[in-house]
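# A closer look at the structure
Chain residues, written in single-letter form:
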Amino acid sequence: MNRRLIHIIYIILLIVFLLPKEVFSQKYIKYYVKDNTISFVAEKSLRKIVDQEILKENHPDDIPFMVLAKTFSSVKLIVFEIKQDASLSEDIDLLELKYSNKNEFKLLKSDIKEFNQTNIAFIEMTYTENDKEVYHLIYESFYKAGILIRFSFSCPKKKMDKWKPIAWDMIKSLKIR
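### A look at unusual backbone geometry
Residue Asn130 is not a glycine yet carries a positive backbone phi of 55 degrees. Along the chain, the position of Asn130 falls in the loop between strand E7 (118-129) and strand E8 (132-144). Exposure remark for Asn130: the relative accessible area of 68% places this residue in the exposed category. Residue Asp131 is not a glycine yet carries a positive backbone phi of 60 degrees. Topologically, Asp131 is positioned in the loop between E7 and E8. Judged by its relative accessible area of 79%, Asp131 is exposed.

Shown next, in the form of structure tokens:
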């Protein structure tokens, strides 16, 4: 190899290893909620919906405080705050019971794991709703005594191969101070 090519490769390697990782992680955007006590990343194409009327219309019982959605798509992440006396495992059992009534319900996984020093409960499932197959991942953790932060991610089942790893990246990024 000539010296010039070696020099160029050396410069590229220096740039890659010395620049902050944020320069290369343009796939995700970091969000902070609840007075910066909770942080997580979400895929960049998911845009924040702030119209409270739309939120109330789609979720009359539990109004979420944040909804991220892909424009012109049924890919969305909804973030709720829920007062909860049940433990994480009891709550996941209740969610499984609630969703098991859906058509063609299939439980993929349900567990509690520790990520970033936080116990996170999750339930992963597929089902049919309004003649559409859905992949749904719900994950949650307590951030205050008796108060849960719940994330509900869903997308069409046919897009599950693309979005499932992204949804798991979002779970793994959740940090509660």
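### Observations regarding the side chain of Glu43
Mapped onto the secondary structure, Glu43 falls in strand E2 (residues 38-43). In this structure, Glu43 is buried with no salt-bridge partner, the nearest side chain bearing the opposite charge being Lys162 at 5.3 Å. At 2.3 Å, the side chain of Glu43 and the side chain of Ser45 are in polar contact. Setting aside anything within four residues of it in sequence, one finds Glu43 in contact with Lys27, Tyr28, Trp163, Ile166 and Met170.

### What about the pattern of salt bridges?
Going through the model one piece at a time under the given rule, you end up with 4 salt bridges. Of the charged contacts, one joins Asp91 and Arg150 as a salt bridge, the two residues approaching to 2.6 Å between their closest N and O atoms. Remark: Arg150 occurs in strand E9 (residues 147-156) and Asp91 occurs in helix H3 (residues 88-99); sequence separation between them is 59 residues. You'll find Asp91 and Arg150 in the same group, each marked buried. A salt bridge links Glu140 to Arg150; the nearest nitrogen and oxygen atoms lie 2.7 Å apart.

How each quantity is defined
- Residues numbered from 1 in each chain as written.
- Predicted model: local features only at pLDDT ≥ 70, side-chain atom pairs only at ≥ 80, totals over all residues.
- Heavy atoms only, no water.
- Helix = DSSP H or I, 4+ residues; strand = E, 2+ residues; numbered from the N terminus.
- Buried < 20%, exposed > 50% of the residue type's maximum accessible area, 1.4 Å probe, protein only.
- Lys, Arg positive; Asp, Glu negative; His and termini not counted.
- Salt bridge = Lys/Arg side-chain N within 4 Å of Asp/Glu carboxyl O.
- Polar contact = N/O pair within 3.5 Å; in protein donor to acceptor, adjacent residues only side chain to side chain.
- Contact = heavy atoms within 4.5 Å.

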